[in-house]
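# Close look at the chain arrangement
Here is what each chain is made of, one letter per residue.
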Amino acid sequence: MTTRFTKVGASIIAATIALGAPAFAQNTMVGGAEMLPTRNIVENAVNSADHTTLVAAVQAAGLAETLSGPGPFTVFAPTNAAFDALPDGTVEGLLEPGSLETLQTVLTCHVVPTEAFSTAVGNMVMQGGGSAALETVGGCTLTASIRDTDNALQITDENGNVATVLIPDVDQSNGVIHVIDTVLLPSA
C-alpha cells in the first residue's frame, strides 16, 4: 500500500494539518490485528504478528512505558522481516544487556516527538522542495521523501538506508505508526 501526494490534495492536506488528524480515519489491520485508535502505540503493537521483534526490543530497552505515555509520537515501525534483513547476529547482539544504550538509540531513532500523519509529512516534503528533515527522540535526523515512480513515502536514515512506508497512518491514542520495511540506524 502506498500513499499518494498530489497538488489537488493540497487543501485536504492543509485542513488535515490544521485539525491535527488523519485525512481518512479508519481502523487499520496490521499483522493480522485491528489497530484501534483508542489504544496506545504499545497496546496496538503487541497485537501485530508482524512486529514481535520490535515489541521484544522495545521491552528489552525499557521503552514500553515511555511509548505507552501521552506522547504524541510518530513511530516508524519496522516489520519482523526488516529486522531479519539485518546482518546475522545483529538483533541478538542488540538484545544483550551490555548493548542497552545502543538498542535504545536504534529504537528512539524511529520515533519523532510529534504526531505526523502521512499528509503532514507529504506537505513538509512539498514545502521542502522534495525532502524534509525529521528530528527523532534518539537524536537522529531522518529524511522524508516521495518516490517518483509510485509516490510512496520513504524515510532515509543518516547512513543512506531507505525505508518505504508499507502501511501509513495507523492512528493511536498517543500518536501514529507508519509501518516500514527497513530498520533505520543512527550514524556510526
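Cut-offs and rules
Residues numbered from 1 in each chain as written. Predicted model: local features only at pLDDT ≥ 70, side-chain atom pairs only at ≥ 80, totals over all residues. Heavy atoms only, no water. Core = buried A, V, L, I, M, F, W, Y, C linked by side-chain atoms within 4.5 Å. Buried < 20%, exposed > 50% of the residue type's maximum accessible area, 1.4 Å probe, protein only. Contact = heavy atoms within 4.5 Å. Helix = DSSP H or I, 4+ residues; strand = E, 2+ residues; numbered from the N terminus. Polar contact = N/O pair within 3.5 Å; in protein donor to acceptor, adjacent residues only side chain to side chain. Axes fitted to C-alpha atoms, helices over the stretch in contact; angles between N-to-C directions. Parallel < 35°, antiparallel > 145°, perpendicular 65-115°, else oblique. Left-handed = near helix turned anticlockwise from the far one by under 90°. Nonpolar A, V, L, I, M, F, W, Y, C, P; charged D, E, K, R; others polar.

Counting residues in hydrophobic clusters, the biggest one holds 28 residues, and the most contacted among them are Leu67, Val75, Leu107 and Ile177. Ignoring any residue separated from it by four or fewer positions in sequence, one finds Leu67 in contact with Asn40, Ile41, Val42, Val58, Phe73, Val75, Val111 and Asn174. Counting 16 residues, the second-largest nonpolar core is a separate cluster that includes Phe76, Leu134, Ile155 and Ala163.

Mapped onto the fold, Gln154 is located in strand 7 (residues 153–156). Accessibility expressed as a relative area gives 13% for Gln154, which makes it buried. A polar side-chain atom of Gln154 sits 3.3 Å from a polar atom in the side chain of Thr164. Excluding anything up to four places from it in sequence, Gln154 contacts Thr143, Ala144, Ser145, Arg147, Val162, Ala163 and Thr164.

In contact at an axis separation of 9 Å, helix 3 (residues 52–60) and helix 7 (residues 100–108) are set at 125° when each is read in the N-to-C sense. Relative to helix 7, the element helix 3 is oriented oblique. The crossing of helix 3 and helix 7 is left-handed. Each of Leu54, Ala57, Val58 and Ala60 in helix 3 lies in contact with helix 7, whose residues at this interface are Leu100, Leu103 and Leu107. Taken together, the residues of the contact of helix 3 with helix 7 break down into 7 nonpolar, no polar and no charged.

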